Structures are given as C-alpha cells and as structure tokens.
Amino acid sequence: MNKIPIIIDCDPGHDDALMLMLAFGSGMFDVKAVTISAGNQTQEKTLSNALKILTLIGANVPVYQGAPKPMFRDLIVADYAHGETGLDGSSLPTDTIKAEPIPAAEGIAAMLTNATEKITIVPTGPLTNIAIFLLAYPHLKDKIERISLMGGGVFRGNMTPCAEFNIYADPEAAAIVFSCGLPITMSGLDVTHQALVFQNDIDLFRSLGNKSGAAAADMMDFFSIFYRKNHAEMEGGAALHDPCAIAWLINPGIFKTKPCYVDVETKGELTRGQTVVDFYNVLEKEPNVLVALEIDRKEYINMIYNAVKNLP
C-alpha cells in the first residue's frame, strides 16, 4: 500500500495530540514534516507539546516552528479548554527531538521543492503558517494535492455564534487559504461536535496497556472536563475535533460531505472569522470546499483506538 504523503500543521492541544497519534499510528501516512502554529497556546508551548508527543510515540520527523502570532492580529489562546500548558492533565516524556532551525513556511517549501509526488497539507490550528507559505511560495502551490483542515462551521461557532476558534484566531490567513484554488476538505464544528468521545471509550484507551494509550486517556479525561461543564447537549461526550482532518483522509466513507462555495469574513463586527458557506448555492459560484457534515462516531473512535494500539 502506498502511504499518503502529508505535512501536518498543528497547535497541540489535546485533540491535536490525538490527531498526531492517529496519523502516525494508522500506518496510512508518510508524514514529511510537522509544523507548529500558535493557537491553543503560545508558539513556545505548542512547539514543546508537539516535540513531547512525537517523542512519546516514537515519531522522528522534521519539526518546524511557526509564526508566533496571527498575520495582522494579536494572539488569542484556548487555555480555558487546554490549560496553562496547552496539554494539562497529561504526563509526557522529556522531548528527544529538536525543531529545525528554519521557520514553518520555509520548511514546507523545502519539502515541496524536493517532493517527487504531490503532498497533502493537514492544518488543525489557525492557518497562519499555511497562508504565509502560499504568499511567499506561490510557485509551489501546484505541488499540493489537497488541504484537509479542521476549522470553521456551517451553522455554528464556538468563539462567536458563527465563528470557530481556528478561523476566528486568524481570519485573514483563513481567507487566503480558502481562496487559494486548491482542493480543500473542511471538518468544521458541524461534524466535529458529532465526533464525541465518552468515558467508556476513554476507559478502553487506558486498558490498552501502552504508554500512548495511557497518555491518550489522560488527555481525553482532562479535555472532557471542559465539555461536561459547558456542553450539556453532548451528554458527557467531548469533541475530538482535530483527528477528523486525518480521519477523512483515511476513510472518507465514514463522513457525509457536501461541495460548497466557502469564503471567510474578515471585516464583520459580529461575524469575524465566520466561514460563510453557501450551503444552498445562493451565489451560484463554483464550490471550492468539500464540507464535512456528519460522521460515523463509532467508526471514528475505533479508528483512533486501533491507531493508538499500534503505538509504543
């Protein structure tokens, strides 16, 4: 089986950590690099978290530090969900991997320049690094197969009534990415709020008996606290947002999707960061995004479980 070549851009973050475990444990991907965005916490903390997670799971790939803040706005972080470190509640090893000396956009450019086949980009944080790359290296865009991202939403938001965190954090970057002309799959809140992990699932991860299973269970336990306090509608479940971007690449058949035209609001007083999805084709524009709407939750959790089982 030919592995899918990907570059992951993430801001760990509990659900980013599970996303990395899924990507490496699935055996489906040739991960060329991991680039780090600020978002769930500061760049310094998300980089440290990524290096520790990769050390835990025994993944030795180039890691590139990203932009310390959004393109034109101040940094906001999600410490209310992820804690002071960005990965509170987990006990991770001291990292044995060091970041490369060049920034994320340069790292992506180097990987694409040397690539003999097209590479898929998987961003699960604010889109700052990807936008900087697209602006700085437009001649390399054709070497990208697709962008499969976690962010946005059709009918809901979590920072405002209509804006999701990753897009809200850097809407200008998101606008650049969504208008870049590449194939995009968007796993937004409509689908990720169905991608729930419950306590009995967490107990199964802990019963695996490996270090990665224990760490995954600890992270999901902590992450669940926020959801149980703030999302009664999820009935005790916690939304594992970011692994959806990887899961769609593994098995798109567990998702229900719809091609839509999507743009990003950057100037609205009440709508900053909204992914404006033309769900009913009012504008009659060519769809530029495959929007994920539904997911088979049990298959999704089983996919992550099997991946974590394969890790140390």
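See the structure printed just above.
Sequence order as written defines the numbering, with residues in each chain counted from 1. Residue-level local features of this predicted model are given only where pLDDT is at least 70; pairs of side-chain atoms are given and counted only at 80 or more, and the full residue set underlies all totals for whole chains, interfaces and linings. Excluding hydrogens and water, the side-chain values take into account all heavy atoms of the structure.

Moving on, we get to the layout of surface pockets. Empty space within the largest pocket amounts to approximately 280 Å³. Going along the chain from the N terminus, every DSSP run of H or I of four or more residues is numbered as a helix, and every run of E of two or more is numbered as a strand. Put simply, the parts of the chain that give the lining of the largest pocket at least two residues each are helix H3 (79–82), helix H6 (165–169) and helix H10 (211–230). Residue type decides the class: Asp, Glu, Lys and Arg count as charged, Ala, Val, Leu, Ile, Met, Phe, Trp, Tyr, Cys and Pro as nonpolar, and the leftover types, Gly among them, as polar. Tallied by class, the residues present in the lining of the largest pocket amount to 8 nonpolar, 8 polar and 4 charged. With a 1 Å grid laid over protein atoms only, a set of points is called a cavity when a 1.4 Å probe fits there but cannot get out and a pocket when it is open yet has protein on both sides within 12 Å along at least five of seven lines; lining residues have an atom within 4 Å of a point. Grid points are joined across faces, edges and corners, and a volume is the space filled by probe spheres set on the points.

A few words on the pairing of strand E12 (residues 289–295). Throughout this description, buried means an accessible area under 20% of the type-specific maximum (1.4 Å probe, protein chains only), exposed means over 50%, and partly exposed covers the range between. Among the 7 residues that make up E12, 5 are buried, leaving the element largely enclosed by the rest of the structure. Strand pairing follows a simple DSSP-based rule, namely that at least 2 bridges must link the two strands. Bridge count between strand E6 (residues 184–187) and E12: 3 bridges; the pairing is parallel. Paired with Ile184 across the two strands is Val289, which belongs to E12. In terms of strand pairing, strand E9 (residues 255–260) meets E12 through 6 bridges, oriented antiparallel. What sits directly across from Lys256, in E12, is Glu294.

Here the focus is the nonpolar core. To form a nonpolar core, buried Ala, Val, Leu, Ile, Met, Phe, Trp, Tyr and Cys residues must be joined to one another through side-chain atoms within 4.5 Å. Counting 68 residues, the largest nonpolar core has Ile8, Met21, Val34, Ile246, Phe255 and Tyr300 as the members making the most contacts within it. Among the elements that make up this core, the one with the highest residue count is H10 (8 residues). Ignoring any residue separated from it by four or fewer positions in sequence, one finds Met21 in contact with Ser26, Leu56, Ile57, Ser212, Ala215, Ala216, Met219, Ala307, Val308 and Leu311. Any pair of residues with heavy atoms lying within 4.5 Å of one another is described as a contacting pair.

This paragraph deals with unusual backbone geometry. Cis geometry marks the peptide bond from Pro12 to Gly13; its omega dihedral reads -15 degrees. Relative to the assigned elements, Gly13 resides in the loop between strand E1 (4–10) and helix H1 (14–25). Positive phi outside glycine occurs at Glu235, with the angle close to 55 degrees. The residue Glu235 is located in the loop between H10 and strand E8 (238–239) in this model. Positive phi, close to 55 degrees, is recorded for Asn281, a residue that is not glycine. Structurally, Asn281 can be placed in the loop between strand E11 (275–277) and E12. With relative accessibility at 43%, the residue Asn281 sits in the partly exposed group.

Bringing empty space enclosed by the protein into the picture now. Rolled over the atoms, a probe sized like a water molecule indicates the empty space that remains. The full count for this structure, using the stated rule, is 1 cavity of 30 Å³ or more. Its volume calculated, the largest cavity comes out at about 60 Å³. Forming the walls of the largest cavity are Ser37, Ala38, Gly39, Ala67, Lys69, Pro70, Leu75, Ile76, Pro126, Thr128, Asn129 and Ala169. The class makeup of the residues in the lining of the largest cavity is 7 nonpolar, 4 polar and 1 charged.

Lines fitted to C-alpha atoms define the axes here, with helix axes fitted over just the stretch in contact, and angles between the N-to-C directions of these axes take values from 0 to 180 degrees. At a minimum axis distance of 11 Å, the contact between helix H11 (residues 243–250) and helix H12 (residues 297–309) shows a crossing angle of 95 degrees. Viewed along their axes, H11 and H12 adopt a mutual orientation that is roughly perpendicular. The residues of H12 that touch H11, namely those facing Pro243, Cys244, Ala247 and Ile250, are Tyr300, Met303 and Ile304. Should an angle lie under 35 degrees it is considered roughly parallel, over 145 roughly antiparallel, and from 65 to 115 roughly perpendicular; all remaining angles are considered oblique.

Let us now look at the pattern of salt bridges. Two side chains of opposite charge can pair, provided their charged atoms sit close to one another. We define a salt bridge as a contact between a side-chain nitrogen of Lys or Arg and a carboxyl oxygen of Asp or Glu at a distance within 4 Å. Enumeration over the complete set of coordinates arrives at 9 salt bridges. The residue Asp30 makes a salt bridge to Lys32 at a minimum N-O spacing of 2.8 Å. A salt bridge links Arg206 to Asp221, with the nearest nitrogen and oxygen atoms 3.2 Å apart. Of the two residues, Arg206 is situated in helix H9 (residues 199–206) and Asp221 in helix H10; the sequence distance between them amounts to 15 residues. Judged by its relative accessible area of 33%, Arg206 is partly exposed.

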